[in-house]
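Residues per chain are reported as follows:
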Amino acid sequence: MLPHDQYQIEVNIFLDALYQRFGYDFRNYARGSLKRRLKTLQTALDAPSISEMIPHIFHNDDFLAIALSHLSVQFSEMFREPLFFRILRQEIVPILKTYPALNIWVAGCSTGEEVYSLAILLHEEDLLERCHIYATDISHSALETAVEGIYPSNLIEKYNNQYISSGGQHNISDYFMTRYDLKAIIPELKKNIIFTEHNLAVDGVFCEMHLIICRNVLIYFNKELQNTCLQLFSDSVIRQGYVGLGEKENMEFSTVKSDFTKISDTTPLYRKKSHFS
Amino acid sequence: MTFKIIIIGGSTGSVKVLSSIVEKLPKEIILPIVIITHTSPNNTSLLPDLLQNKTERSVLQCEPNMPIEANKIYIAPPNYHLYLEPTRYFSLSTDPHVGFSRPSIDLFFESVADSFGPETIAILLTGANADGAMGIEYIQKMGGITIVQSPDTAESPIAPHAALQKITPDYVIPDTDIISVIQDIHNRRFINRSFLKNDFT
């Protein structure tokens, strides 16, 4: 047995214990990128090995919060991959305008940048008022940050450039209030957003959606879990509704591929078919 | 010992070397090849087309869940970290830069060493930072073959030098010798090193 096979066994046992104790399922995260995050968790717990973290699961009251902050992926930007938002504006917004009310799910919303970007776009298109936006994430602390909607001022210029690339006609600063060296999202943009915990690995459908956005989340999962999530999205989205993924993500290797039509060559936007053949 | 994969990492100055390797690689070598570079994002996105012009093998940019297959050449996409999963398909991440680099050669080489261990042939080329040095050290630790481009033939010797600070590679060679060394390793198919005397059942 190669050393790495032993390591994977250790990881399997650790993640299994974590799942059994707390119900958070990291067992099907992609092991390549997970390895590094497990290492930082080990350092945080001062544990010399993966298996030596197992006692913490059962005897350290702080374990869960620490584990979630290290194992879940929390890097996000406003208007990341501006082309996605541009195509959303051009191709999908006109269709969304035909509905009197809209349910939108931003899955894996992390610290909120993605969902506020969407809110800005919907506001500019006069759609925000009729939207219920559900922004979900596995991490309670990320959601707390997202609810606040406060970000460092030094990022705003980058965000503004991405906002403009996505088709924005104003300045992204218009949507923020300044507090010292921080920027806070204006309250009007928050009104139609509900932030709530949801675990893509274990939780199910909670509402019928017109649009589901889940970007640069699935790449952190293994193929099986990605497929489970795409199945969940297929079950949650209405016929003719939309699913938007991250730039490098796709449905190619998934069992629900034939439920959808890809509506853009340049960005992963899919529409659920109205009939099944 | 049979080999299952060739991985090549580099940055500044590596495009010429890669072009030559891809062009001259003998037909009978059907190992998958994965190329990971971090020149500026725009340059690396031209690399698949540039290399496809040099070979009849398929040249593909890595995508998540893409399996690794014989006789194909894979290229890490710019601005993502690339991993090879234990189940032998690619995964990506948008985690922050590591060693000022994304993709990180270190992270990728490490994931390949974890998956393929002694069945790996790893090559580190010219590059403007130390990215790849820790990766190739880990490859050696896991029993893979390590090849470093000689600093005096490297457009930027920083990466080769950094690697040589950490390990004595199996080969330190000019870029022009890389093809013949690969051929030699491939034909011999077995390297008698003390590492292989460990029992890995």
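Residues numbered from 1 in each chain as written. Chains lettered and ligands numbered in written order. Predicted model: local features only at pLDDT ≥ 70, side-chain atom pairs only at ≥ 80, totals over all residues. Heavy atoms only, no water.

### Considering the overall build of chain A
Looking only at helices and strands, chain A has nine helices and 10 strands in total. In terms of overall size, chain A behaves like a compact globule, its C-alpha atoms giving a radius of gyration of 20 Å where 277 residues would be expected to give roughly 19 Å. Principal-axis analysis of the C-alpha atoms gives chain A an extent of 60 × 55 × 30 Å. Per-residue burial for chain A yields a buried fraction of 56% across its 277 residues. A sequence separation of at least 24 residues applies to 75% of the contacts in chain A between residues at least 6 apart. A total accessible area of about 12,100 Å² is found for chain A, and carbon and sulfur atoms account for 50% of it. (Helix = DSSP H or I, 4+ residues; strand = E, 2+ residues; numbered from the N terminus. Rg over C-alpha atoms; globule rule 2.2 N^0.38 Å. Buried < 20%, exposed > 50% of the residue type's maximum accessible area, 1.4 Å probe, protein only. Contact = heavy atoms within 4.5 Å. Areas by Shrake-Rupley, 256 points an atom, 1.4 Å probe, with all protein chains shown as cover.)

### Looking at unusual backbone geometry
Note the cis peptide between R102(B) and P103(B), where omega equals 10°. Tracing the backbone shows P103(B) in the loop between strand 6 (90-93) and helix 3 (105-116). Phi at E81(A) is positive, roughly 55°, even though this residue is not glycine. Note that E81(A) resides in the loop between helix 4 (63-71) and helix 5 (82-96). Take E81(A): its relative accessible area is 16%, and that puts it in the buried class. Its identity is not glycine, yet Q240(A) carries a phi of approximately 70°, on the positive side. As for its placement among the helices and strands, Q240(A) is situated in strand 8 (residues 237-245). Residue classification places Q240(A) among the partly exposed residues on the basis of a relative accessible area of 29%.

### Re the packing of aromatic side chains
Residues and elements named next belong to chain A. In total, this model carries 15 aromatic pairs over all chains according to the counting rule given. Centroid distance F26 to Y29: 4.8 Å. Interplanar angle 55°. Geometry classified as tilted. With relative accessibility at 6%, the residue Y29 sits in the buried group. For the pair W105 and F233, a centre-to-centre distance of 5.5 Å together with 85° between the ring planes defines the contact as edge-to-face. In this pair, W105 is assigned in strand 1 (residues 102-107) and F233 in helix 9 (residues 223-236), connecting sequence segments 128 residues apart. Residues W105 and F233 agree in their burial class; the two are buried. (Phe/Tyr/Trp six-rings, centres within 6.5 Å; stacked < 30°, edge-to-face > 60°.)

### Some thoughts on the interface of chain A and chain B
Counting residues at the interface gives 27 residues for chain A, matched by 27 residues for chain B. A buried area of about 2,300 Å², summed over both sides, lies between chain A and chain B, and 55% of it is on carbon and sulfur atoms. Residue D114(B) is joined to K35(A) by a salt bridge in which the shortest nitrogen-to-oxygen separation is 2.6 Å. Linking chain A with chain B are 14 residue pairs in polar contact (both at pLDDT 80 or more). Here the side of chain A that touches chain B gets six residues from one element, more than from any other, and that element is helix 2 (residues 31-45) of chain A. Residues that form the side of chain A that touches chain B fall into these classes: nine nonpolar, eight polar and 10 charged. (Buried area = accessible area lost by both parts, 1.4 Å probe. Salt bridge = Lys/Arg side-chain N within 4 Å of Asp/Glu carboxyl O. Polar contact = N/O pair within 3.5 Å; in protein donor to acceptor, adjacent residues only side chain to side chain. Nonpolar A, V, L, I, M, F, W, Y, C, P; charged D, E, K, R; others polar.)

### Some remarks on the packing of helix 1 (residues 3-22) of chain A against helix 4 of chain A
In a pair of packed helices, the angle between the axes and the distance between the axes together describe the arrangement. Residue and element names in this part refer to chain A. At a minimum axis separation of 12 Å, helix 1 and helix 4 run at an interaxial angle of 125°. On the basis of their axis angle, the class for helix 1 and helix 4 is oblique. In the crossing of helix 1 with helix 4, the sense of the turn from one axis to the other is left-handed. Facing F14, L18 and F22 of helix 1, the residues of helix 4 in contact are F63, L64 and L71. Looking at side-chain class alone, the contact of helix 1 with helix 4 contains six nonpolar, no polar and no charged residues. (Axes fitted to C-alpha atoms, helices over the stretch in contact; angles between N-to-C directions. Parallel < 35°, antiparallel > 145°, perpendicular 65-115°, else oblique. Left-handed = near helix turned anticlockwise from the far one by under 90°.)

### Some words on the environment of R239(A)
All names here are of chain A. Counting through the fold element by element, R239 comes out in strand 8. Along the primary structure R239 and H210 are separated by 29 residues, whereas in three dimensions their C-alpha atoms are 8.4 Å apart. A distance of 3.2 Å separates a polar side-chain atom of R239 from the backbone oxygen of S274.

### Concerning the confidence of the model for chain B
Residues and elements named next belong to chain B. In this model, chain B carries an average pLDDT of 90, and 91% of its residues clear a pLDDT of 70 or more. Below a pLDDT of 50 lies the segment residues 194-201, which in the model reaches 12 contacts outside its immediate sequence neighbourhood of four places, other chains included. The ipTM assigned to the predicted complex is 0.86, against a pTM of 0.89. (pLDDT = per-residue confidence, 0-100.)

### Focus on the pairing of strand 5 (residues 81-84) of chain B
Residues and elements named next belong to chain B. The two faces of strand 5 match: H81 and Y83 on one face and L82 and L84 on the other face are all buried. Bridge analysis of strand 5 against strand 6 gives four bridges, and the strand direction is antiparallel. By the bridge assignment, Y83 is partnered in strand 6 with S91. Taking the residues between adjacent antiparallel strands as the criterion, strand 5 and strand 6 are bridged by five residues, where R88 takes a positive phi near 70°. (Pairing = 2+ DSSP bridges.)

### Quick look at the sheet that holds strand 9 (residues 260-262) of chain A
Residue and element names in this part refer to chain A. If you walk across this open sheet you meet the seven strands as 6-2-1-7-8-10-9, and the pairing is mixed. Looking at which strands have only one partner, the edges of the open sheet turn out to be strand 6 (193-197) and strand 9. In this sheet, adjacent strand axes meet at a mean angle of 20° when their direction is disregarded. Sheet topology note: the strand 2 (residues 131-137)/strand 6 ladder contains five bridges and is parallel.

### A closer look at the environment of I30(B)
Residue and element names in this part refer to chain B. Relative to the helices and strands, I30 is located in the loop between helix 1 (14-24) and strand 2 (33-37). Separated by 154 residues in the primary sequence, I30 and D184 place their C-alpha atoms 14 Å from one another. For I30, the residues in contact, after removing those within four places along its chain, are A70 and N71.

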